[in-house]
Amino acid sequence: MLRKPSSRRHWLFEGTILSVAIACPAIAHAQQDDADVSITQTEAEPGAAQASPALNTGDQIVVTARRREESLSQTPVSVSVLSGDDLQARSINSEADLQAATPGLIVRSTQGSSQFNYAIRGQSIDAFSVSQPGVLTYVNEFQTNALNAGSLYDIGSVQVLKGPQGTLFGRNTTGGAVLFSTAEPEFGGFEGYVRGRVGNLDAWQAEGMLNIPIGDRAAFRVAGIVDQRDGFVRNLVDGERLNNIDRWSTRASLRVEIGDSIETSFVGEYGQSNGNGDVLLAYSSNLPGSIGSDGVPLASNINVFYSPILDTLAGPGAYAALQAAYPGSPDGGYSEYVAIQRALGNRVTYLDADTGLDAESGYIINTTSIDISDNAQIKNIIGYSYNRNFSLFDQDGSPLPFYGYVQTRNEVESFSEELQLSGEAFDGRISYIIGGYYSNEQRTSGQTFNYFDLGPVANPILGPVFGGALPLGNRLEGDFDISSIGGFAQATLEVVDNLNFTAGFRYTEEKNRFTSVSGFTPFFTNGTMESRTDSDPSWSLSLEYRATPSLFLYGTYRGSWRGGGFNYNAPPVNASAELGGNTFDPENIEDVELGIKFDGYLGSVRTRANLAVYRSWVDNIQRIAYLTFPNVGPGAATVNADGARFQGLEADVSFQLTPELLVGGSFNFSDPEYRGGTQQNLFGTIINFTTFSDVTRYSGSGFIDYTTVLPNNAGDLRARLDVYAQSSLYFSNYGLSGAPGTQISPYELVNFRVGIDDIGGSGVSAAFFAKNILDQEYYVGGIGLGTAGGYNLAVPGEPLTYGLDVSIRF
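Here is a short report on the structure shown in this document.

**Quick look at the sheet that holds strand β44 (residues 791-796)**
In sheet architecture, strand pairing relies on hydrogen bonds along the backbone and comes in two forms, parallel and antiparallel.
Part 1 of the argument: The three strands lie next to each other as β17-β44-β43, forming an open sheet whose pairing is antiparallel. For this open sheet the edge positions go to β17 (281-285) and β43 (779-785), each flanked by a neighbour on one side alone. Shown here is a sheet whose adjacent strand axes are inclined to one another by a mean of 30°, direction ignored.
Part 2 of the argument: As paired elements, β43 and β44 share six bridges and run antiparallel to each other. For Y779, the partnering residue across the bridge sits in β44 and is P796.
Part 3 of the argument: Strand contacts of helix α6 (residues 334-344): β17 and β44, with the helix running at about 125° to β17, the strand carrying the most contacts.

**Regarding the pattern of salt bridges**
As a working rule, side chains carrying opposite charge can pair if their charged atoms are close by.
Part 1 of the argument: By the definition in use, this model includes 41 salt bridges.
Part 2 of the argument: The partner of R121 in a salt bridge is E593, and the shortest N-O contact between them spans 3.1 Å. Within this pair, whereas R121 is found in the loop between β5 (117-120) and β6 (135-139), its partner E593 is found in strand β29 (residues 587-602), the two being separated by 472 residues in sequence.
Part 3 of the argument: On the accessibility criterion, E593 (0% relative accessible area) is buried.
Part 4 of the argument: Overlapping salt bridges, with partners in common, bring together D85, D705, R718, R720 and D722 in one network.

**Observations regarding helix α5 (residues 318-325)**
In an α-helix there are 3.6 residues to a turn, and that puts residues three or four apart on one side.
Part 1 of the argument: Within α5, burial applies to A318, Y319, A321, L322 and Q323.
Part 2 of the argument: Taken together, the buried residues of α5 touch α4 (310-314) and α7 (455-462).

**Overview of the pairing of strand β16 (residues 262-275)**
Part 1 of the argument: When strand β15 (residues 245-258) meets β16, the two strands line up antiparallel, connected through 13 bridges. The residue bridging T250 from the neighbouring strand is Y270, located in β16.
Part 2 of the argument: Two successive antiparallel strands, β15 and β16, enclose a turn made up of three residues, where G259 displays a positive phi of approximately 65°.
Part 3 of the argument: As judged from the 14 bridges shared by β16 and strand β19 (residues 356-373), these two strands associate in the antiparallel manner. Looking across to β19, one finds that S265 is bridged to T367.

**Things to note about the packing of aromatic side chains**
Part 1 of the argument: For the structure shown, the criterion picks out 30 aromatic pairs.
Part 2 of the argument: A ring pair is formed by F190 and F810, whose centres lie 6.2 Å apart and whose planes are at 35°; its orientation type is tilted. Of this pair, F190 sits in the loop between β9 (176-182) and β10 (191-199) while F810 sits in the segment after β45 (801-809), and the two are 620 residues apart along the sequence.
Part 3 of the argument: For F810, a relative accessible area of 44% gives the class partly exposed.
Part 4 of the argument: With a centroid separation of 6.3 Å and 35° between ring planes, the pair formed by Y674 and F689 is classed as tilted. Taken together, the positions of Y674 in strand β34 (residues 661-675) and F689 in the loop between β36 (685-688) and β37 (698-709) put the pair 15 residues apart, joining distant regions of the chain. When sorted by exposure, Y674 lands in the same class as F689, which is buried.
Part 5 of the argument: Members of the aromatic cluster, connected to one another through ring pairs, are F305, Y306, Y334, F402, Y403, F449, Y451, F452, F466 and Y791.

**Let's talk about α7**
Part 1 of the argument: Inspection of α7 places G455, A458, N459 and L462 among the buried residues, and these make up the whole buried set. All buried residues of α7 project into a common sector of 110° when viewed along the axis, lining one side. Of the exposed residues in α7, the ones pointing more than 90 degrees away from its buried face are P456 and P460.
Part 2 of the argument: Lining the buried residues of α7 we find α4 and α5.

**A word on unusual backbone geometry**
Part 1 of the argument: Here the bond from L470 into P471 is cis, since omega is 0°, no more than 30 degrees from zero.
Part 2 of the argument: Of note, P471 is situated in the loop between α7 and β23 (472-496).
Part 3 of the argument: If you check the backbone angles, N713 has positive phi at about 55° while not being a glycine.
Part 4 of the argument: As for its position among the elements, N713 is in the loop between β37 and β38 (716-726).
Part 5 of the argument: Under the relative-accessibility criterion, N713 is labelled exposed at 55%.
Part 6 of the argument: If you check the backbone angles, N772 has positive phi at about 55° while not being a glycine.
Part 7 of the argument: Inspection of the secondary structure assignment puts N772 in the loop between β42 (764-771) and β43.

**Observations regarding the nonpolar core**
Part 1 of the argument: Formed by 71 residues in total, the largest nonpolar core has its most connected members in Y306, L310, F452, L454 and Y626.
Part 2 of the argument: A per-element tally of this core places strand β31 (residues 622-629) first, with five residues.
Part 3 of the argument: Leaving out residues up to four positions away in the same chain, Y626 has contacts with D126, A127, F128, G635, A636, I687, Y734, I783, G784, L785, T787 and A788.
Part 4 of the argument: In terms of nonpolar packing, the next biggest core, distinct from the first, is built from 22 residues, L105, V107, V267 and Y363 among them.

Cut-offs used in this document
Residues numbered from 1 in each chain as written. Predicted model: local features only at pLDDT ≥ 70, side-chain atom pairs only at ≥ 80, totals over all residues. Heavy atoms only, no water. Pairing = 2+ DSSP bridges. Helix = DSSP H or I, 4+ residues; strand = E, 2+ residues; numbered from the N terminus. Axes fitted to C-alpha atoms, helices over the stretch in contact; angles between N-to-C directions. Contact = heavy atoms within 4.5 Å. Salt bridge = Lys/Arg side-chain N within 4 Å of Asp/Glu carboxyl O. Buried < 20%, exposed > 50% of the residue type's maximum accessible area, 1.4 Å probe, protein only. Phe/Tyr/Trp six-rings, centres within 6.5 Å; stacked < 30°, edge-to-face > 60°. Arc of directions from axis to C-beta. Core = buried A, V, L, I, M, F, W, Y, C linked by side-chain atoms within 4.5 Å.

What follows is the structure in structure tokens.
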């Protein structure tokens, strides 16, 4: 059973700059998938923000990637956006779906399907890490981790900013930011929609929205969703279907204008996710006596104790007794089971331990803006969020009881306040923003685990060897109180016509207080308290040149950092893990990005394109190390490797071939490399960082979008085909050393949707959708535990799903 929630609810640059190769403006799309979007539109599909298909002739896309409205084609940032209409047209219903729509963005969940980790340009966090995420999420400019897994309903846009964003956006971030904008209440009139979806796997989804004006200067909006689906991985031990969906969410918004100069808005959301959670499948293991490519012996605990080798340790018949207690255990032990699982594919498995998910989250945000003159505005953003997540795993991914179960607990409360002044001066030749930011996060993180059941014969014999009765168990847990305060300023100067220079600066101080709650007694006392204070600047410098009305070029140099901290799942000693402690230091990044954007015509074809190349240098890069602590058991430690270099290219292009036909594609290339020393001895385990988790070298997508008005007012026919592909990637940072076998294969996804909007002018729309129509079996990520237990687990991707989507707008 999952634990119930507690009553507490608290929260110079170096090297050579990449040169831009000679490029045709048609190479890259000024990303229709680009920034917080505002587009003139005709009739929107129900549930979509008021935004038209992104490249209709004459559309002007306006973005707010720099906290002010400006044309997408003149924004010196690599940024991708999906409007509300895009979300519907591509059948994007969860955060995980964003990956196929935004090449270069990796989205995965390994600690429960209600929590997602975003990775951009090699910056991310691993499962069980306590690092601040390399990519932060925001809702309506409020930084929060309290998004529900089903929050992509009644959305205005989803914006993905790539590269360091430490100058303007809340807490410092080294990889990027994902910005969610909810649909605003509208003053124009009463309106709403209801939507229903049904599909295979007994899936059904109900969604609705009501917009209610209150006089001429206020409006209230309420929306909600219920999402249900059976799992797609069958557990052959008990017949249960794992990876199901059982969640709901509701959101309410109020927007008020006071006079001609003040506007305030409130938005609150609450939701729950339950079910049996994500499944982890056995993917690879280290055989006894094997040696890594770096010459270091590989951990092979699981293949020593969970195989016939057990008989040599506990006497004849010990492994047979273990098999009898755990049906499905193969004669050859864990390594044989890995081969069985790989042969079965990723739609069936044998798991002996329960899995589950019990999560809830919510937030409330107020944004108030005051126009103090025709060209100056004060804005205040204040918000509170809460997130609680309990997840139960079978963390050996097999019928064998190396882990009886692992339960993770994360409870986070956060509060932030931001005050900013923005405007223009000197007849518009300078635009500026200046402000201050404060946040506090209170978090409890922990793991409870039961492990190392060796069966009825071996348990009493080997128990004394391991210092107690088998199976073993422990709970690792810690409380965090992290506050951040900073001031920032950024200004853009029009140097001469069509040439701008932008400079931004931020200084942040972050205080981190940690209390060890449980896990390392009797060696250390529970309640051990530690604290640290980190401070550093972030900056951004860019030069922007509008070469022609259609062609825009820019170069940006940025720096940022993310704070150091404490590992709750390592001994509470104020020292680095290499010295036997639990601390890790801040990570610093410097980044150069050069880009070209095109928004105009190639002959008679409307074209929007974007090309960006970048190089980043990271010092003290934060990585996770999975370990087995002597006399304690499994654990993990976030540590600092010397550094890394990331470089790559991001490109998009789209062509409006006819008024009805839009085609396009995108491409991402990444080339990471570690710098300096990569090997560390951590509590007797040699860790050698040799690969980068969640970084794919190549990824890309293509689409065809066809829209036409049917005769006799029958409605608008729209059909869209999307294809996404990526090369292989590692889900471990030591895939060529301590955790071999952690590279997942390349895969391709083909999605399709066809429907008729506003049938006969009735407001009714209907569509058929299918995702992964080739029903490809693939993996999306995993956890590399090769250095801890000698095995690795992978997360399966979704199979073919299809269904009908019917809605009515009124």
